[in-house]
Amino acid sequence: MQSNQLSVRNIHLPSLGIGTWAWGDSLFWGYGSNYGEKEVEEAFNTAISAGATFFDTAEVYGLGDSEKLIGKFLKQTSQPVQIATKYFPLPWRFNEDAVEDALTASLDRLGVEQIALYQVHSPFDFFMGKDTLMKALAKEVKKGRILTVGVSNYSAAQMQEAYDYLAQYDVPLAVNQVRYSLLTRTIEENGILDKARELGITILAYSPLDQGLLTGKYTPEKRDVTGARQLDPKFSASGLKKIEPIINQLKQLGEKYDKTPAQVALNWLIAQGNVIPIPGAKNAKQAQDNAGAMGWLLSDEDVKQLSGFKI
């Protein structure tokens, strides 16, 4: 059995979280069409009941609606929940006051006074400068409004630079949130994963199921995808044909462990060590399925076998 808790600097997080980009986002995910507030609230409650009590959001998800939904749901639960959100360094945010103002707005939408993790959504910080940005984030840690600092989509070099700036204020860099899955292995090749391990930084893996590709739900013959995914070549008949060997292996291992292909794919990430996948969940069933990736581990041999598949 594998522990469901992972130490991330000065906080403890579940070994799997829930990404909430789809909560309130109608442009990419179609919120309000085939699912809505009722479904995502059920996903929230189901995830908590299953031990996935960590939710990742951002001020830009649904233009603040994702944070508002979580804030509403938080008022209706007595369970301890950890929230991460993100600051987007938009061009007109020139000084450190912008960080304070953005965080205040996020906390207001969430209805809380403190969050576990505050992340920089992208390294687009040349208007403010990384030194000013990290100083502002460190200041918020000292004030107690955030417990840990993270970044997202940072390269190995950018991660090191942010780490060094924060160290001047005795604040550690906790996470780098990047795209990582069995099908998207770029961080293994560009130095991000190695640098994170060197610095003790946890990887938050977004799109850990590659927007549903690793669930086994889609086949060359069955491609009923919605939204922007219809334009993604990976969801074409030829793209799906290309990943059939991985999907077949996930199904075989699912039978071995009595798990779904998605749970096996998520567990492969957990087995990497110091990696927390944050799959999305638009309804209770998806949340329950995600949580089934916790509490067990693939064997070393099975991890190695899956790792051998590369697209």
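Residues numbered from 1 in each chain as written. Predicted model: local features only at pLDDT ≥ 70, side-chain atom pairs only at ≥ 80, totals over all residues. Heavy atoms only, no water.

K.L.:
I'd like to hear about the overall build of the protein chain, residue by residue, with values.
P.N.:
From N to C terminus, the protein chain includes twelve helices and ten strands. Relative to the compact-globule value of 19 Å for 311 residues, the protein chain shows a C-alpha radius of gyration of 19 Å, a close match. By its C-alpha atoms, the protein chain is 50 × 40 × 40 Å across when sized along the principal axes. A total of 311 residues make up the protein chain; the buried ones form 54% of that total. Counted over contacts in the protein chain with a minimum sequence separation of 6, partners at least 24 positions apart contribute 78%. (Helix = DSSP H or I, 4+ residues; strand = E, 2+ residues; numbered from the N terminus. Rg over C-alpha atoms; globule rule 2.2 N^0.38 Å. Buried < 20%, exposed > 50% of the residue type's maximum accessible area, 1.4 Å probe, protein only. Contact = heavy atoms within 4.5 Å.)

K.L.:
Please set out the environment of V178 residue by residue, giving values where relevant.
P.N.:
Relative to the helices and strands, V178 is located in strand 8 (residues 173–179). Put simply, V178 and Y206 are 28 residues apart on the chain and 5.9 Å apart in space, counted from C-alpha to C-alpha.

K.L.:
Talk me through helix 9 (residues 244–257); I want residue IDs and the actual numbers.
P.N.:
Between its first and last C-alpha atoms helix 9 spans 20 Å; for 14 residues at 1.5 Å apiece the expected length is 20 Å, and the two agree. On its buried side, helix 9 packs onto helix 10 (261–270) and helix 12 (300–307). (Expected span 1.5 Å × (residues − 1).)

K.L.:
A description of the layout of surface pockets should follow, citing residues and the corresponding values.
P.N.:
In this structure, the largest pocket spans a volume of roughly 1100 Å³. What lines the largest pocket is a set of 43 residues, among which W29, Q211, G212, G280 and Q286 lie closest to the centre. Contributions of two or more residues to the lining of the largest pocket are made by strand 8, helix 10 and helix 11 (284–291). For the lining of the largest pocket, the element with the highest residue contribution is helix 11, accounting for four residues. Considering only residue class, the lining of the largest pocket consists of 15 nonpolar, 18 polar and ten charged. (1 Å grid on protein atoms, 1.4 Å probe; cavity = no way out; pocket = protein on both sides within 12 Å on 5 of 7 lines; lining within 4 Å. Points joined across faces, edges and corners; volume = space filled by probe spheres on them. Nonpolar A, V, L, I, M, F, W, Y, C, P; charged D, E, K, R; others polar.)

K.L.:
Before we move on, can you summarise the sheet that holds strand 5 (residues 82–87) with the specific residues and values?
P.N.:
In space, the eight strands of this open sheet follow the order 3-4-5-6-7-8-9-10, with parallel pairing throughout. The sheet is open, and its two borders are formed by strand 3 (18–19) and strand 10 (275–277), each paired with just one other strand. Bridge count for strand 7 (residues 146–152) against strand 8 is four bridges, and the pairing is parallel. Residue pairing across strands places S152 opposite Q177, the latter belonging to strand 8. Strands in contact with helix 10 are strand 9 (202–206) and strand 10; relative to strand 10, the strand with the most contacts, it is inclined by about 155°. (Pairing = 2+ DSSP bridges. Axes fitted to C-alpha atoms, helices over the stretch in contact; angles between N-to-C directions.)

K.L.:
Kindly report on unusual backbone geometry, identifying the contributing residues and their values.
P.N.:
Located in the positive-phi region is N153, a residue other than glycine, with phi close to 60°. With a relative accessible area of 32%, N153 lands in the partly exposed category. Despite not being glycine, S207 has its phi angle at roughly 50°, a positive value. For S207, the location among the structural elements is in the loop between strand 9 and helix 8 (237–242).

K.L.:
Any details on the pattern of salt bridges? Residues and values, ideally.
P.N.:
If you walk through the whole model with that rule in mind, you get 13 salt bridges. A salt bridge links D210 to R179; the shortest N-O distance between them is 3.1 Å. With D210 in the loop between strand 9 and helix 8 and R179 in strand 8, this residue pair connects regions lying 31 residues apart in the sequence. Since its relative accessible area comes to 1%, D210 is described here as buried. Among the charged side chains, a network of salt bridges with common partners joins E100, E140, K143 and R145. (Salt bridge = Lys/Arg side-chain N within 4 Å of Asp/Glu carboxyl O.)

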